[in-house]
There are 2 protein chains.
Amino acid sequence: MKPQVFRKLVSVDEAKRIFAQNFMSKPVGKEFAPLSEAYNRVLATNMVSPLDIPPFNRSTVDGYAVKATDTFGAEEDHSVALKLIGRVNVGETPRIKVKKGTAAEIVTGAPIPEDADAVVMVEHTVRKAQTILVHQSVSLSENVMKAGSDIHEGETVLKKGCVLSPYEIGVLAAIGLAKVEVYRRPRVVIFSTGAEVVEPGKLLEGGKIFDINAHALSAAVAECGGEPINMGIVQDQSDQMKTALKKALSTADVVITSGGVSVGPTDIIPKVLDTLGKPGVIIYGIAIRPGKPTTIAIIGNKPVFSLPGHPASSLLIFHLFVRPVLASMAGKKEAPLTVKAVSSERLFPTRGRRTYITVTLKREKSGRIAASSVPTGLSGAITTLAKADGFLVIHENQQFIDKGQIVDVELFKPSVHYSLMR
Amino acid sequence: MKPQVFRKLVSVDEAKRIFAQNFMSKPVGKEFAPLSEAYNRVLATNMVSPLDIPPFNRSTVDGYAVKATDTFGAEEDHSVALKLIGRVNVGETPRIKVKKGTAAEIVTGAPIPEDADAVVMVEHTVRKAQTILVHQSVSLSENVMKAGSDIHEGETVLKKGCVLSPYEIGVLAAIGLAKVEVYRRPRVVIFSTGAEVVEPGKLLEGGKIFDINAHALSAAVAECGGEPINMGIVQDQSDQMKTALKKALSTADVVITSGGVSVGPTDIIPKVLDTLGKPGVIIYGIAIRPGKPTTIAIIGNKPVFSLPGHPASSLLIFHLFVRPVLASMAGKKEAPLTVKAVSSERLFPTRGRRTYITVTLKREKSGRIAASSVPTGLSGAITTLAKADGFLVIHENQQFIDKGQIVDVELFKPSVHYSLMR
């Protein structure tokens, strides 16, 4: 049953609502990764420790394991004598008992032997054959790292959805895991269309340009936790397009196409998509600038995003519409990164469309952050985005953004924030 | 010839100076990466565009290519008639000339034909058979994206040392590169030592703990642009250690060991290292807390960092000493990320040692950022670092840091900064 279809431009908010009605963005699955490949993956389950860390009481110093009460009264000029009964090394189970009046030599990290409850540092002792003279008292548990004091058995050490950094990988190793359950990366097939695009590295004939989008979008997919599969360039003829989309849908969780300006993505791609499964195309264009010629389809519960051919437009639409979906499918909890800034100029929207303006940000002496638009010139310019720090939004009901007005700027990278604020 | 050797603790500054005297941190080499594997790699040369982007004057709209002067005087109620002489599609070299009084149909992205110098949007025309009635004048170059207007031939588009994001990969594709020269990742062999450590996933016998360091350090190496090679656990017996270090040095650019508390890294590892090449061990311990039992050797121009066994200590020493070296070897320009914060408590150093205290940060209502120490308890605790946002430093000549004192806190991740400031 085909749900509500709009064969006209829809607003950004309507587009998001229609998409959400037709597709639920959720993790695509789980898999086990060995610790050596777990860096930067997303944890798929809450991790509960099956053991205490450390698993036993450990000495934190080199010295002598004792009963604390035996050392009471020991001072620099008044020693207490204890009988040396043996030695405990790291990595072994102690077979000795430290009874009243005795001491066992112990090294840092070794298990505290039975009946001992503190460790005297070697610096506070004098050894005479089998006798240890203790010159400083210790209190109960002094110089002992207790079993479970770092992590206790049954404790939830890491939460599902966390991205694994070196520290979290250290925690997983600590509780003895050789492999960890992570979310599978969504597989994303990407291709470009258009009679004018040529694969970089090939000969550029007259009237042609090198394909940017399949490469930039593949990297963008990797950046947000997907597994990009770059199919290169597909000619926007019905037969080739049908073959390519069928192949893409058979292997991918998500398909991204871009371009097709000769005939237009509003023509061939949507027609072909509607023959491939239900509900087919659900969005035929968005009242947005840049990025109006964006169509979105759902086929066999797989989203197909057909983005504009202009690189800056397609990367912006990716950022706004595709990235949040992929992040959810990868199990990530992502929120947009925004800062308040002051517009350095009066900015006008394209009438009737939500307008996104790429900006550079600069912190002024007053502490204010100034946002200046990056002249897109014409939206094909790839260098626009490489120069910009983020973008601001002019909503459909706004006539303009005034010079000096405070605006929210969404950042492309967290590092921009740091550069601004230090 | 063996340079100056210190067989005693050296200060942090001395350690850095001695290291710099014995090893020059610089990129380990260059290699070509296909664009599909270039994401997050470091550019090894300045990139100069071999061509104009776009390579030809392009139409930015659907309409008619004309001579602008032919349209002067055209208005809504007064059209100018031009003779239609053909059509230009995208991806082809136009074979027609637009002489005075003529127009050529053109689509978005197609090359402007010879002698035309502007494009009239289709919305401002009426077509009658082979005659185009133009109802709005265009100025010179209107609706034309000029050759080289995004990137011009010979322009430096990206600088050496830049980390390749989707936008930079788009720029590389735009100028036609199928592969790009990037810095080779330094190969880093990592192993743990100690009679008490067991590989995660294996059976944990009495007195043993799971090895954390080789796994956490491998991820830390990957994070700063190195290629980790995890050799697992090596027993700290002279023979095994010699075999392991020889093997490591034969394949790696850098070697990292950790632990060895039963005998101590100040014993076996330095002795073995001194038999393997010159200058051998150059640092036998650092006046730092945590992390004192750190030794550093240079053998055959390869650094060998022997870090403490305590996970929190070894990761901190990695951050302070190893990470900057690896980043330089990977061709990256990294600067520490710091913020000003207010200490929530009075903090004391360990006498005579530069003291690093891990802290959590919190922005207060007043806008101040408060730094609170994370109780390390005992420095073996791996969870300490997973909970901390960064660390502050108490220098050797400071008696304490007072409650309310303003301090520099170095952050573990840029995202911490964003979370604090929004």
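Since the structure is predicted, the reported quantities are computational estimates derived from the model, not experimental observations.

Things to note about the overall build of chain A
Thought 1: Counting secondary structure elements, chain A contains nine helices and 26 strands.
Thought 2: Within chain A, buried positions represent 49% of all 422 residues.
Thought 3: Considering only contacts within chain A whose residues lie at least 6 apart along the sequence, 71% involve residues at least 24 apart.

A short note on the sheet that holds strand β9 (residues 131–134) of chain B
Residues and elements named next belong to chain B.
Thought 1: Strand order in the open sheet formed by six strands is β7-β4-β6-β5-β9-β8, with mixed pairing between adjacent strands. Looking along the sheet, the strands with just one partner apiece sit at the ends: β7 (118–121) and β8 (125–128). The sheet shows a mean angle of 40° between the axes of neighbouring strands, direction not considered.
Thought 2: By the bridge criterion, four bridges tie β8 to β9 in an arrangement that is antiparallel. Note that in β9 the partner of valine 126 across the bridge is leucine 133.

Considerations on the relation of the copies chain B and chain A
Thought 1: Of the transformation superimposing chain B on chain A, the axial component is 0.0 Å and the angular component is 180°, with the fit at an RMSD of 0.0 Å. Overall, the copies show the geometry of a two-fold rotation axis. Rotation axis and chain B: the residue whose C-alpha lies nearest the axis is Pro414(B), separated from it by 3.2 Å.
Thought 2: Both copies contact each other with a shared surface, as 100% of the interface residues of chain B are interface residues in chain A too.

Details of helix α5 (residues 238–251) of chain B
Thought 1: Between its terminal C-alpha atoms α5(B) stretches 20 Å, which fits the 20 Å expected from 14 residues at 1.5 Å a residue.
Thought 2: Looking at the buried positions of α5(B), the neighbouring elements they touch are β13 (187–193), β16 (227–234), β17 (254–259) and α6 (268–274) of chain B.

Describing the interface of chain B and chain A
Thought 1: Each partner contributes residues to the interface: chain B has 71 residues there, and chain A has 71 residues.
Thought 2: Put simply, the parts of the chain that give the side of chain B that touches chain A at least two residues each are α3 (166–174), β15 (209–210), α4 (213–223), α7 (311–329), α8 (383–387) and α9 (414–421) of chain B.
Thought 3: No other element matches the eight residues that α3(B) contributes to the side of chain B that touches chain A.
Thought 4: Here the side of chain B that touches chain A is composed, by residue class, of 40 nonpolar, 24 polar and seven charged.

A closer look at the environment of Lys332(A)
Thought 1: Position of Lys332(A) relative to the elements: it lies in the loop between α7 (311–329) and β22 (338–343).
Thought 2: Apart from the residues within four sequence positions on either side, Lys332(A) is in contact with Val42(A), Gly161(A), Val163(A), Gly225(A) and Ala327(A).

Quick look at the sheet that holds strand β20 (residues 295–299) of chain B
Residues and elements named next belong to chain B.
Thought 1: If you trace the six strands from one edge of the open sheet to the other, you get β16-β13-β17-β21-β20-β18, paired in mixed fashion. Looking at which strands have only one partner, the edges of the open sheet turn out to be β16 and β18 (279–283). Strand-to-strand twist in this sheet, taken as the mean axis angle between neighbours without regard to direction, amounts to 20°.
Thought 2: Sitting on the sheet, α4 touches β13, β16 and β17, and the angle it makes with β13 is about 165°.
Thought 3: Along the sheet face, α5 touches β13, β16, β17, β20 and β21 (302–307) and points at about 170° away from the line of β16.

Observations regarding the pairing of strand β13 (residues 187–193) of chain A
All names here are of chain A.
Thought 1: Of all seven residues in β13, six are buried; the element is thus mostly enclosed.
Thought 2: Where β13 lies against strand β16 (residues 227–234), seven bridges are found, and the strand directions are parallel. Looking across to β16, one finds that phenylalanine 191 is bridged to glycine 232.
Thought 3: Relative to strand β17 (residues 254–259), β13 runs parallel, the two being bridged by six bridges.

Some points on unusual backbone geometry
Residue and element names in this part refer to chain A.
Thought 1: Residue proline 54 follows isoleucine 53 across a cis peptide bond; omega there is -10°.
Thought 2: You can see proline 54 is positioned in the loop between β2 (47–48) and β3 (58–59).
Thought 3: Here lysine 278 and proline 279 are connected by a cis peptide whose omega angle stands at -10°.
Thought 4: With respect to the helices, strands and loops of the structure, proline 279 is situated in strand β18 (residues 279–283).
Thought 5: One non-glycine residue with positive phi stands out, namely asparagine 40, at about 75°.
Thought 6: Relative to the helices and strands, asparagine 40 is located in the loop between β1 (30–34) and β2.
Thought 7: By the C-beta count within 10 Å, which is 14 here, asparagine 40 ends up partly exposed.

Looking at the confidence of the model for chain A
Residue and element names in this part refer to chain A.
Thought 1: Here chain A averages 92 in pLDDT, and 95% of its residues register 70 or above.
Thought 2: For the stretch residues 1–6, pLDDT sits under 50, and the model shows ten contacts to residues farther than four places along the chain or on other chains.
Thought 3: Under a pLDDT of 50 for its full length, residues 261–266 has, in the predicted model, 24 contacts with residues more than four places off or in other chains.

Some details on the environment of Lys97(A)
Residues and elements named next belong to chain A.
Thought 1: Along the chain, the position of lysine 97 falls in the loop between β5 (80–88) and β6 (102–106).
Thought 2: Taking the C-beta count within 10 Å as the criterion, lysine 97 has 13 such neighbours and is therefore assigned partly exposed.
Thought 3: Taking the C-alpha atoms as reference points, lysine 97 and alanine 174, 77 residues apart in sequence, are found 28 Å from one another.
Thought 4: Residue contacts for lysine 97: discarding those within four places in its chain leaves Pro113, Glu114 and Asp115.

Some thoughts on the packing of helix α4 (residues 213–223) of chain A against α7(A)
All names here are of chain A.
Thought 1: At their nearest, the axes of α4 and α7 sit 11 Å apart, and the two run at 30° to each other. Judged by the inter-axis angle, α4 sits roughly parallel to α7. Judged by the sense of rotation from one axis to the other, the crossing of α4 with α7 is right-handed. Between α4 and α7, the contacting residues are Asn213, Ala216, Leu217, Ala220 and Val221 on the first element and Pro311, Ser314, Leu315, Phe318 and Leu326 on the second.
Thought 2: Classifying every residue of the contact of α4 with α7 gives eight nonpolar, two polar and no charged.

Section: the environment of Gln237(B)
Residues and elements named next belong to chain B.
Thought 1: Here glutamine 237 shows up in the loop between β16 and α5.
Thought 2: C-beta crowding within 10 Å serves as the criterion here: with 14 such atoms nearby, glutamine 237 is assigned to the partly exposed category.
Thought 3: A sequence separation of 33 residues divides glutamine 237 from leucine 204, and the C-alpha atoms of the two residues are 21 Å apart.

Regarding the packing of α4(A) against α3(B)
Thought 1: Contact pair α4(A) / α3(B): the axes reach a minimum separation of 8 Å and the direction vectors enclose 160°. When the axes of α4(A) and α3(B) are compared, the pair comes out roughly antiparallel. Pair α4(A) / α3(B) crosses with right-handed handedness. Along the contact surface, α4(A) presents His215(A), Ala216(A), Ala219(A), Ala220(A) and Glu223(A), while α3(B) presents Pro166(B), Tyr167(B), Ile169(B), Gly170(B) and Ala173(B).

Quick notes on the rules
Residues numbered from 1 in each chain as written. Chains lettered and ligands numbered in written order. Predicted model: local features only at pLDDT ≥ 70, side-chain atom pairs only at ≥ 80, totals over all residues. Helix = DSSP H or I, 4+ residues; strand = E, 2+ residues; numbered from the N terminus. Buried ≥ 20, exposed ≤ 12 C-beta atoms within 10 Å, placed from the backbone. Contact = placed C-beta atoms within 7 Å. Pairing = 2+ DSSP bridges. Axes fitted to C-alpha atoms, helices over the stretch in contact; angles between N-to-C directions. Least-squares fit on C-alpha atoms with pLDDT ≥ 70 in both. Expected span 1.5 Å × (residues − 1). Nonpolar A, V, L, I, M, F, W, Y, C, P; charged D, E, K, R; others polar. pLDDT = per-residue confidence, 0-100. Parallel < 35°, antiparallel > 145°, perpendicular 65-115°, else oblique. Left-handed = near helix turned anticlockwise from the far one by under 90°.

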